[in-house]
Amino acid sequence: MTDFLMKPKIDFAFKEIMMNEQARIGFLSAMLGLDPADIRETKILNTNLRKEHKDDKLGILDVRVLLNDDTEIDIEIQLSPLSIWADRSLFYVSKMYTEQIHEGEDYSTFKKCVSISVVDFKLFQGESEFYSCFHIQEDTRHILYTDKMEFHVLELPKLPKELKEDASDILLWAKFINAERKEEFDMLASKNKYIKSAYEQLQVISQSTEKRLEYEAREKAIRDHNQMMRESREEGREEGREEGRKEGIKAMILDYLEEGFSKEKILAKLQLRFELTEGQAGQYFERYAKS
């Protein structure tokens, strides 16, 4: 039990780490390029499990934070590949943005909304940088249209293996989130006092029997979900292969019929080409020869 450490990239563990205000301030100052001294207060708004649809068994465990300047931040970790991630994060930031205004208020009510995504897959193929930040701006002159929406993305598979002495705070935090061994945590904690606070929080929650049970249940739910998604993709590929095979058999039968081949010769070629029994070849011939 004493050697056990939760993985920070499991969203339950990350949420629990963010309950520590020093860890929150350090992470947010690194991601947003702020002086930690300028962050006077951070407040956790929500860490509830959010369902995307009624049949969603996994749910999303995000962390909502409010800064002292009323900037609202949504932090989310995604471990399995999701090609529509950008669309989804845009949807939730837009929702966060529009929920600020109430009947009778004007547009001056709107405050900045920030999305921070930590993904354990390569979202931007062909790009080597692990960190990206996006704003809404003009295409050629790069004039900022509005600063009210901002998107940060950490792609964990793109992290460099070695740390240089001048490693940025963003890289140190990304390494911490991706770490699994005590040696890694010790090294990163020695380089940044806020990561040290996060590591201390990680050690505390890892020794809590109650939180460990919650963590393991969440880790299992994520693992089961990812396995189910992999199996669904495999089934889809298998169905696609089978459909392609049937189309190939049909095309061969029709081509050979058009060339005047006898039924017996066509059946023999089908058995050889597609490794069919005589009975299977006959069934396909009867199905497609009349089509």
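Owing to the predicted nature of the structure, the values given are computational and were not obtained by experimental measurement.

This brings us to the overall build of the protein chain. Scanning the protein chain from N- to C-terminus turns up nine helices and eight strands. Here the C-alpha radius of gyration of the protein chain, 27 Å, is well above what a compact globule of 291 residues would show, namely 19 Å. Summarising its shape, the C-alpha atoms of the protein chain cover approximately 85 × 55 × 40 Å along the three principal directions. Each of the 291 residues in the protein chain was classed as buried or not, and the buried ones make up 42%. Contacts in the protein chain between residues far apart in sequence, at least 24 positions, make up 59% of those at least 6 positions apart.

Here the focus is the pattern of salt bridges. As enumerated under the stated definition, the model contains 19 salt bridges in all. A salt bridge links E72 to R64; the shortest N-O distance between them is 3.1 Å. Overall, the relative accessible area of 15% leaves R64 in the buried class. The partner of K112 in a salt bridge is E150, with the nearest N and O atoms 2.8 Å apart. In this pair, K112 is assigned in the loop between α3 (85-98) and β6 (113-119) and E150 in strand β8 (residues 144-155), connecting sequence segments 38 residues apart. Judged by its relative accessible area of 7%, E150 falls in the buried class. In the salt-bridge network here, residues are joined through shared partners; they are K15, E16 and K211.

Summarising the element assignment, K182 is placed in helix α5 (residues 182-189). Spatially, the C-alpha atom of K182 lies 22 Å from that of K220, the residues being 38 residues apart in sequence. In this view, K182 contacts L5 and Y199; residues no more than four positions away in its chain are not counted.

Time to look at the environment of F121. Relative to the elements of secondary structure, F121 occurs in the loop between β6 and β7 (131-137). Distance from F121 to S190, taken between C-alpha atoms, is 28 Å for residues 69 residues apart in sequence. Setting aside residues no more than four positions away along its own chain, F121 makes contact with Q78, L79, S80, P81, L82, W85, E155 and P157.

Moving on to the confidence of the model for the protein chain. Caution applies to low-pLDDT regions: their predicted coordinates should not be interpreted in detail. Looking at the protein chain, the pLDDT average stands at 88 and 90% of residues meet or exceed 70. Looking across the protein chain, the model is least confident in strand β2 (residues 49-50), with a mean pLDDT of 60, and most confident in helix α4 (residues 169-178), with 98.

Here the focus is the nonpolar core. Core analysis: the biggest nonpolar cluster contains 52 residues, and F27, L28, I73, I75, W173, F176 and L202 have the highest contact counts within it. If we skip the residues at most four places from it in the chain, F176 touches P8, I17, F185, L188, I195, A198, Y199 and L202. Ranked by size, the runner-up nonpolar core spans 13 residues in total, among them M252, Y256, A281 and F285.

Orientation of α5 relative to helix α6 (residues 193-206), taken along the N-to-C sense of each, is 145 degrees, at an axis distance of 8 Å. Here K182, F185, D186, L188 and A189 of α5 lie close against α6, whose contacting residues are I195, K196, Y199 and L202.

The next subject is the packing of aromatic side chains. This structure, assessed with the given rule, holds eleven aromatic pairs. A centroid spacing of 5.5 Å and a plane angle of 20 degrees characterise the contact between F185 and Y199, whose relative ring orientation is stacked. Remark: Y199 occurs in helix α6 and F185 occurs in helix α5; sequence separation between them is 14 residues. Accessibility classification places F185 together with Y199 in one group, the buried group. An aromatic cluster is defined as three or more aromatic residues linked by ring pairs; in this entry it consists of F14, F27, W173, F176, F185 and Y199. Sitting above the plane of the F4 ring, R212 keeps its charged end 3.8 Å from the centroid. Positioned over the ring face of F274 is R273, at 4.7 Å from the centre of the ring.

What counts, and at which threshold
- Residues numbered from 1 in each chain as written.
- Predicted model: local features only at pLDDT ≥ 70, side-chain atom pairs only at ≥ 80, totals over all residues.
- Heavy atoms only, no water.
- Helix = DSSP H or I, 4+ residues; strand = E, 2+ residues; numbered from the N terminus.
- Rg over C-alpha atoms; globule rule 2.2 N^0.38 Å.
- Buried < 20%, exposed > 50% of the residue type's maximum accessible area, 1.4 Å probe, protein only.
- Contact = heavy atoms within 4.5 Å.
- Salt bridge = Lys/Arg side-chain N within 4 Å of Asp/Glu carboxyl O.
- pLDDT = per-residue confidence, 0-100.
- Core = buried A, V, L, I, M, F, W, Y, C linked by side-chain atoms within 4.5 Å.
- Axes fitted to C-alpha atoms, helices over the stretch in contact; angles between N-to-C directions.
- Phe/Tyr/Trp six-rings, centres within 6.5 Å; stacked < 30°, edge-to-face > 60°.
- Lys NZ or Arg CZ within 6 Å of the ring centre and 35° of its normal.

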